Amino acid sequence: MTEMKYKTPLLDELEKGPWPSFVKEMKKEAHRPMVQDAIGQLERSYEEHISHWKHGGLVGVMGYGGGVIGRYSDLPEEFPEVAAFHTHRVNQPSAWFYTSEALRTLCDIWERHGSGLTNMHGSTGDIVFLGSTTEEIEPLFADLTKHGFDLGGSGSNMRTPSCCVGPARCEWACYDTLDACYNITQEFQDELHRPFFPYKYKFKFAGCPNDCVASIARSDCSVMGTWKDEIQVNQAAVLDYAKTVDIDAEICDLCPTRCVEWDGKTLEIDNSNCVKCMHCINVMPKALKPGKERGATILIGGKAPIIGGALLCSVFVPFLEMDKDSDYEDLKELTEAIWDLWGEHGKLRERVGEFIQRVGMSNFLEEIGLDPVPEMVMAPRSNPYIFFDDEIFE
């Protein structure tokens, strides 16, 4: 291993224990002066309990407003190799499928233009290249596009959409998450690369309510696969499971709406009360599977606690058909209506969920042109002083 330029007793602690360590991985690239200085500055931050990175700076590629995050050291004299250490977000393929050739190509490009440090992947989903000089931004972009890659989203724009593995490897996928993710990415290129929103807007595509991309907590628009008809039941397979599974205790008693009954021979599901939690399907996957009339629920408003508190997405459209032949026109039309309203009236750095909280869901729905339905209710009302117009009672 390369001899270290700086003493790093605090970072060395992070190499101990059974878990993989980013420090160990950084030291593998320490033959590069840029990485040596990055390690030295990071040790200083651990010592002083403050970051020595300055966020921002007008850096980017010609014609794009996003994709490159300016990063500068506030100790450039002491750590000159990271005086500029910009981050590049690269738009990942749907569900993070790569060939080994594609991965080698990405690594070769980054070897030529940057520090060699990567993050596979960022929380939004992008391939993250950590650390380039300002001079290498345009050559890196040219090299990426030459090989079929593009920059992802950053700033107040549509962030890079991401999705679960979907029908590529999962039998429970209720629509083609990979196709939908790619389609939306291609459709909204301006919104992805040229920031003009009040703040960020994230799409995440989950094939079923198991939500393997955690879309409900991490996206402004969660497109979550679901079904309208009855859960498909193989009674013979249920009997096989009954030999090893206590169906009453492990399924019936744990169903959130108690809509499953088992008499020892037959499993009955009251589908009108099923909330699509997937628990019974997860426990007995060979006996149960989602219904045949499949599509997606559109949820809106999730975010992490950056400005205000954390929000989970809430139901906006209970069921939307996700038909490739229609080119997802309903989802696109809904998205543009949301963006028009939020873009005109949203405050700076106000996410869509916060905007809805501020203006009220009823006003938001009225402007969007959607009728309220019971599925949109986040929780039972706690304020008894709500009055209705006379015409409602009539």
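Above: the structure in question.
Here's what I pulled together on the structure shown here. None of the values given here were measured: they were computed from a predicted structure. (Residues numbered from 1 in each chain as written. Predicted model: local features only at pLDDT ≥ 70, side-chain atom pairs only at ≥ 80, totals over all residues. Heavy atoms only, no water.)

1. Here we look at helix α6 (residues 177–187)
Right, so step 1: Inspection of α6 places Thr-177, Leu-178, Ala-180, Cys-181, Asn-183, Ile-184 and Thr-185 among the buried residues, and these make up the whole buried set.
Right, so step 2: Contacts made by the buried residues of α6 are with β7 (162–163), α7 (189–193), β8 (203–206) and α12 (329–345).
Right, so step 3: Residue Asp-176 occupies the N-cap position of α6, its side-chain oxygen lying 3.2 Å from the main-chain nitrogen of Leu-178. (Buried < 20%, exposed > 50% of the residue type's maximum accessible area, 1.4 Å probe, protein only. Helix = DSSP H or I, 4+ residues; strand = E, 2+ residues; numbered from the N terminus. Contact = heavy atoms within 4.5 Å. Polar contact = N/O pair within 3.5 Å; in protein donor to acceptor, adjacent residues only side chain to side chain.)

2. Some remarks on unusual backbone geometry
Right, so step 1: Along the chain, Met-120 connects to His-121 via a cis peptide bond; the corresponding omega equals 15°.
Right, so step 2: Here His-121 shows up in the loop between β5 (117–120) and β6 (127–132).
Right, so step 3: With a phi close to 60°, His-49 is a non-glycine residue in the positive phi region.
Right, so step 4: Summarising the element assignment, His-49 is placed in the loop between α3 (33–48) and β1 (53–55).
Right, so step 5: Relative accessible area serves as the criterion here: at 72%, His-49 is assigned to the exposed category.
Right, so step 6: For Arg-349, which is not glycine, the phi dihedral falls at a positive 65°.
Right, so step 7: Tracing the backbone shows Arg-349 in the loop between α12 and α13 (352–359).

3. A few points about the pairing of β8
Right, so step 1: The alternating pattern of β8 places Phe-203 and Phe-205 and Lys-204 and Ala-206 on opposite faces, both of which are buried.
Right, so step 2: Bridging between β7 and β8 involves two bridges; their strand directions are parallel. What sits directly across from Cys-163, in β8, is Phe-205.
Right, so step 3: Of the pairings in the sheet, the one linking β8 to strand β9 (residues 221–227) comprises four bridges and is parallel in character. Each bridged residue has a counterpart across the sheet, and for Phe-205 the counterpart in β9 is Val-223. (Pairing = 2+ DSSP bridges.)

4. Some words on the sheet that holds strand β2 (residues 68–69)
Right, so step 1: Taken in spatial order, the four strands of this open sheet run β2-β4-β6-β5, and their pairing is antiparallel. The two strands at the open ends of the sheet, each matched to only one other strand, are β2 and β5.
Right, so step 2: Bridge count between strand β4 (residues 86–90) and β6: five bridges; the pairing is antiparallel. Across the sheet, the residue bridging to Val-90 is Ile-127, located in β6.
Right, so step 3: In the packing of helix α4 (residues 100–113) onto the sheet, contacts are made with β4, β5 and β6, and the angle to β6 comes to roughly 15°. (Axes fitted to C-alpha atoms, helices over the stretch in contact; angles between N-to-C directions.)

5. Description of the sheet that holds strand β14 (residues 294–300)
Right, so step 1: Reading across the sheet, the five strands line up as β7-β8-β9-β14-β15 and stay open at both edges, with mixed pairing between neighbours. Bordering the open sheet on either side are β7 and β15 (314–320), each of which pairs with just one other strand.
Right, so step 2: Here α6 sits on the sheet and contacts β7 and β8; the angle it forms with β8, its principal contact strand, is near 165°.

6. So, the state of the cysteines
Right, so step 1: Scanning all chains against the criterion turns up zero disulfides.
Right, so step 2: With no disulfide partner, Cys-208 has as its closest neighbouring cysteine sulfur the one in Cys-170, 5.4 Å distant.
Right, so step 3: Cys-212 takes part in no disulfide bond, and the closest cysteine sulfur to it belongs to Cys-208, at a distance of 5.9 Å.
Right, so step 4: By relative accessible area, Cys-212 is classed as exposed at 70%. (Disulfide = S-S within 2.5 Å.)

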